[in-house]
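Architecture at a glance
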Amino acid sequence: MSKSAALYAAIRDVVDFPKPGIIFKDITPVLADGKLFHDSISLLCETAGGAKIDKVVGIDARGFIFAAAVADRLGAGFVPVRKKGKLPWKTRQTAYSLEYGESIVELHEDAVKPGESVLLVDDLLATGGTAAASVKLLDELGANIVAISVLIELEFLAGRARLTPHTVHSILTY
């Protein structure tokens, strides 16, 4: 079985979570299996395409799990994009809408230096609101976004369109 086929088999659907009408893609079986977790990180690392990455930016909260491991493997720094009020230093923030509500994300003002090469990592791309907000913050800091990489993409929600002109990689698509 290929790495991606094994990952597909491990992802479970949770109906009506976090609210009625949503089918949540649960990644916890991947996280609980050492080989699957290792493989998911390997596949995300490959999306850098051999580029030198200075920082891997992870989106709150499940994106942290993948981004921190990718950063470690690539020998890069890890930078968190957090929900409002969770970062202890001077921040930039932006509001966005997501598939089931609205929120604000923040990034430390000194997290990324102008011109640094960044790989933006999250667990899931749905409508693209969180990723687009993260891209906006990174652009404001002058980051060179090499790619946006996600474990899962829900293609039917067309979130990728909000991330143009950036390169988007997804390991699994639904």
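Sequence order sets the numbering: in each chain, residues are counted from 1 along the sequence as written. Owing to the predicted nature of the model, reporting of local features is limited to residues with pLDDT of at least 70; listing and counting of side-chain atom pairs is limited to 80 or more, with chain, interface and lining totals taken over all residues. Derived side-chain values reflect all non-hydrogen atoms in the structure, with water molecules and hydrogen atoms excluded from consideration.

1. So, the pattern of salt bridges
We define a salt bridge as a side-chain nitrogen of Lys or Arg found within 4 Å of a carboxyl oxygen belonging to Asp or Glu. One pass over the structure, following the stated rule, counts eleven salt bridges. Asp26 is the partner of Arg12 in a salt bridge, and the nearest nitrogen-oxygen pair spans 2.6 Å. Of this pair, Arg12 sits in strand 1 (residues 12-15) while Asp26 is found in strand 2 (residues 23-26), placing the two residues 14 residues apart along the sequence. The classification of residues rests on relative accessible area computed with a 1.4 Å probe and restricted to protein chains. Under 20% of the type maximum is buried, over 50% is exposed, and intermediate values are partly exposed. Note on Arg12: relative accessible area 44%, which makes it partly exposed. Look at Asp26 and you get buried, because its relative accessible area is 10%. A salt bridge links Glu116 to Lys55, with the nearest nitrogen and oxygen atoms 2.9 Å apart. Here Glu116, found in the loop between strand 6 (101-108) and strand 7 (117-125), pairs with Lys55, found in strand 3 (residues 55-59); they are 61 residues apart in sequence, far enough to count as distant. The pair formed by Glu116 and Lys55 is uniform in burial state, with each residue classed as buried. Several salt bridges share partner residues, and in doing so they unite Asp60, Arg82 and Lys83 into one network. Secondary structure elements follow DSSP: runs of H or I of four or more residues count as helices, runs of E of two or more count as strands, with numbering from the N terminus.

2. Focus: the packing of helix 1 (residues 3-10) against helix 3 (residues 34-46)
Two numbers describe how helix 1 lies on helix 3: the axes approach to 10 Å, and their chain directions differ by 125 degrees. On the basis of the axis angle, helix 1 is oblique to helix 3. Relative to helix 3, the crossing made by helix 1 is left-handed. Taken together, the residues of helix 3 that come into contact with helix 1 (itself represented by Lys3, Ser4, Ala6, Leu7 and Ala10) are Leu36, Asp39, Ser40, Ser42 and Leu43. Residues were grouped as follows: Ala, Val, Leu, Ile, Met, Phe, Trp, Tyr, Cys and Pro as nonpolar; Asp, Glu, Lys and Arg as charged; and all remaining residues, including Gly, as polar. For the contact of helix 1 with helix 3, a count of residues per class yields five nonpolar, three polar and two charged. Throughout, an axis means a line fitted to C-alpha atoms (over the contacting stretch in the case of helices), and angles, computed between N-to-C directions, take values from 0 to 180 degrees. Any angle that falls under 35 degrees is termed roughly parallel, while one over 145 is termed roughly antiparallel, one within 65 to 115 roughly perpendicular, and all others oblique. In this scheme, a crossing is called left-handed if the near helix is turned counterclockwise away from the far one by less than a right angle; it is called right-handed if the turn is clockwise. It only takes one pair of heavy atoms within 4.5 Å for two residues to be counted as in contact.

3. Observations concerning unusual backbone geometry
For the bond from Phe17 to Pro18, the omega torsion is 5 degrees, close enough to zero to count as cis. Its location among the elements puts Pro18 in the loop between strand 1 and strand 2. Here Asp60 and Ala61 are connected by a cis peptide whose omega angle stands at 0 degrees. Relative to the helices and strands, Ala61 is located in the loop between strand 3 and helix 4 (62-74). Within the chain, Asp16 stands out as a residue other than glycine whose phi angle is a positive 65 degrees.

4. Focus: the packing of aromatic side chains
Working definition: a ring pair exists when centres of Phe, Tyr or Trp rings (six-membered ring for Trp) sit within 6.5 Å. Plane angles under 30 degrees give stacked, over 60 give edge-to-face, the rest tilted. Evaluated as defined, the whole model comprises four aromatic pairs. When the centroid spacing of 6.1 Å and the interplanar angle of 50 degrees are considered together, the rings of Phe37 and Phe66 count as tilted. One end of the pair, Phe37, is in helix 3; the other, Phe66, is in helix 4, and 29 residues separate them in sequence. Its relative accessible area of 23% is what places Phe37 among the partly exposed residues. Of the residues examined, Phe66 reaches a relative accessible area of 0% and is grouped as buried. By definition, being over a ring means that NZ of Lys or CZ of Arg is both within 6 Å of the ring centre and within 35 degrees of the ring normal. Stacked on the ring of Tyr174, the Lys or Arg Lys25 has its end atom at 3.9 Å from the ring centre.

5. A closer look at helix 4
Here, expected helix span is obtained from the residue count minus one, scaled by 1.5 Å. Taking 1.5 Å per residue as the helical rise, helix 4 with its 13 residues ought to reach 18 Å, and the 19 Å between its terminal C-alpha atoms agrees with that figure. For helix 4, the secondary structure elements touched by its buried residues are helix 2 (28-32), helix 3, strand 3, strand 4 (77-83), strand 7 and strand 8 (144-153). Count one or two residues on from helix 4 and you reach Gly75, which has phi positive near 70 degrees.

6. Observations concerning helix 3
Between its first and last C-alpha, helix 3 extends 18 Å over 13 residues, near the 18 Å set by a 1.5 Å rise per residue. Listed in full, the buried residues belonging to helix 3 are Leu36, Asp39, Ser40, Ile41, Ser42, Leu43, Leu44 and Cys45. Any N or O atom pair separated by 3.5 Å or less is treated as a polar contact, with the protein-specific requirement of one donor-capable and one acceptor-capable atom, and with residues adjacent in sequence counted only for side-chain atom pairs. The N-capping residue of helix 3, defined by a side-chain oxygen 3.0 Å from the backbone nitrogen of Lys35, is Asp33.

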